[in-house]
Amino acid sequence: MSSNSESNSKKPYAGLHIDTLAVRAAVDKSQYGENSEALYLTSSFTQPDSQTAARRFSGEEDGYIYSRFTNPTVASMEQRLALLEGAQACIGTSSGMSAVLLLCMGLLKSGDHVICSRSVFGSTIKLLGSEFAKFGVETTFVSQTDITEWEAAIKPTTKLFFAETPTNPLTEVCDIKALSHLAKGCGAVLAVDNCFCTPALQRPILLGADVVVHSGTKYLDGQGRVVAGALCASEQMVREKFIPVMRSAGMSLSPFNAWVVLKGMETLSIRMQAQSAQALSFATWLETHPKISRVYYPGLESHPQHDLAMAQQSGLGGAVLSFDVKASTPEEARRKAFTVIDKTQLMSVTANLGDVKTIITHPPSTSHGRLTEEQRHKAGIEQNLIRIAVGLEYLEDLKRDLSLGLDAI
Ligand SMILES: *Cc1c(COP(=O)(O)O)cnc(C)c1O
């Protein structure tokens, strides 16, 4: 929420479905009446006179000033995402990780304590466990699925619960409502990283979360073009806790990247439905494949938290799945996993996800390569694991592509 953007409550959006808001919500059109939202690629805004400038800088009067903290294209993206998440406000950031940085800088001080799932995105674990530890913020990492561990970790200094659901790469789900009860009971803020589901499938704020964290790099853009992020929260939290840090620290979202994400959100719902349906068909096929020992996908009935996932995620599993290839030793497992990946011709071998292009990766040697073998083993990530972020290619082409690898082992 740029400090001068109109609050969503004043716009005539009440009663509109989120599919409508995804296409329509934005700041007012310019005098030219552009139908597609304008890209305001400018670092600063001219002021009509010095008196007005003084009033705007002091916050007495609304008006755009400088794109580190106020830009109409960024404001459009923020309004649209806030409405999709069911939040009062949103603040765009330069990346998903800078959204986590802004969250922690805005809410925590030295001596505070954080409880975080040990299965969250690797850089989030590094940021909390290493970087913020340097400034006297302590983090306890707990089980993704066992709520009693969260409860046991609570201290008088606990200020923040940080969760991500489902997780990468094993698609483990946590119960947002249950975590919200626990956080409220001890006066802590619950933040949920909603990258994998997006508001098209899951709206954590409606389940009791206080803050939603986004990497716009993933499904919000949806076509792998830009790095972007955002926090959605109450108007008060955004105004009092996040905007002042943004103004001083400047982890700002570029107007161009905001515009790409803004346009990406217009097709978010239809992409998430189509990619989830493809992923379910793909996972169902993989589950019967003789070369595969286990498939991880919340949409499958075999998933340990299938019922919770379906209740929490609008009945859809999302577009990320993982599987174990059959192997007897870690060396054989790694060799076979590499063969499966390298024999594919269509799928992209890259660490990203959230694209309409299907992506295949080997988490133990890439995203989780910095962990020790023992840490990986504890996290359930063995050398035979492969992750696929399913895109929009024709499903039979994807199956044929993966079969090139599976038939070769
Ligand atoms: C990618 C990702 C992030 C970080 O986002 P960036 O835009 O790459 O900084 C955070 N959380 C999850 C779940 C992610 O997948």
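It should be noted that the structure appears before, not after, this text.
For clarity, every value in this text was computed on a predicted model and none was experimentally measured.

Peer 1: Would you explain the site of the ligand in this entry?
Peer 2: As a matter of local geometry, the ligand sits amid Ser95, Gly96, Met97, Phe121, Glu164, Asp193, Cys195, Phe196, Ser215, Thr217, Lys218 and Ala228. At 2.8 Å, a side-chain N or O of serine 215 approaches an oxygen atom of the ligand. Protein contacts shield 90% of the accessible area of the ligand, which totals 380 Å² for the unbound molecule. Mapping the ligand onto the cavity grids shows that it belongs to the largest pocket. Grouping the constituent residues of the shell around the ligand by class yields 5 nonpolar, 4 polar and 3 charged.

Peer 1: Is there a simple way to explain helix α10 (residues 255–265) in this structure?
Peer 2: For an α-helix, the turn length of 3.6 residues means that residues three or four places apart are oriented alike. Counting buried positions along α10 gives 8 out of 11 residues, so the element sits mostly inside the fold. Those residues of α10 that fall on the buried side of the exposure criterion are Pro255, Asn257, Ala258, Val260, Val261, Leu262, Gly264 and Met265.

Peer 1: Honestly, the nonpolar core in this entry has me stumped. Any pointers?
Peer 2: Burial of nonpolar side chains together is a common tendency in soluble globular proteins. Met77, Leu81, Leu84, Tyr219, Cys232, Val261 and Met265 are the most contacted members of the largest nonpolar core, which totals 38 residues. Of all the elements in the fold, those that place two or more residues in this core are α1 (18–24), α3 (72–85), β7 (229–233), α10 and α11 (268–287). Per-element accounting of this core gives the leading share, 6 residues, to α3. Inspection of this core shows a minimum of three residues originating in each of domain 1 (18–266) and domain 2 (268–406). Discounting residues that sit within four places of it in the chain, cysteine 232 has contacts with Leu81, Ala82, Glu85, Ala87, Ala89, Cys90, Ile205, Asp210, Val211 and Val212.

How each quantity is defined
- Residues numbered from 1 in each chain as written.
- Predicted model: local features only at pLDDT ≥ 70, side-chain atom pairs only at ≥ 80, totals over all residues.
- Heavy atoms only, no water.
- Near = heavy atom within 4 Å.
- Polar contact = N/O pair within 3.5 Å; in protein donor to acceptor, adjacent residues only side chain to side chain.
- Areas by Shrake-Rupley, 256 points an atom, 1.4 Å probe, with all protein chains shown as cover.
- 1 Å grid on protein atoms, 1.4 Å probe; cavity = no way out; pocket = protein on both sides within 12 Å on 5 of 7 lines; lining within 4 Å.
- Sits in = over half its atoms within 2 Å of the grid points.
- Nonpolar A, V, L, I, M, F, W, Y, C, P; charged D, E, K, R; others polar.
- Buried < 20%, exposed > 50% of the residue type's maximum accessible area, 1.4 Å probe, protein only.
- Helix = DSSP H or I, 4+ residues; strand = E, 2+ residues; numbered from the N terminus.
- Core = buried A, V, L, I, M, F, W, Y, C linked by side-chain atoms within 4.5 Å.
- Domains from an automatic or database assignment.
- Contact = heavy atoms within 4.5 Å.

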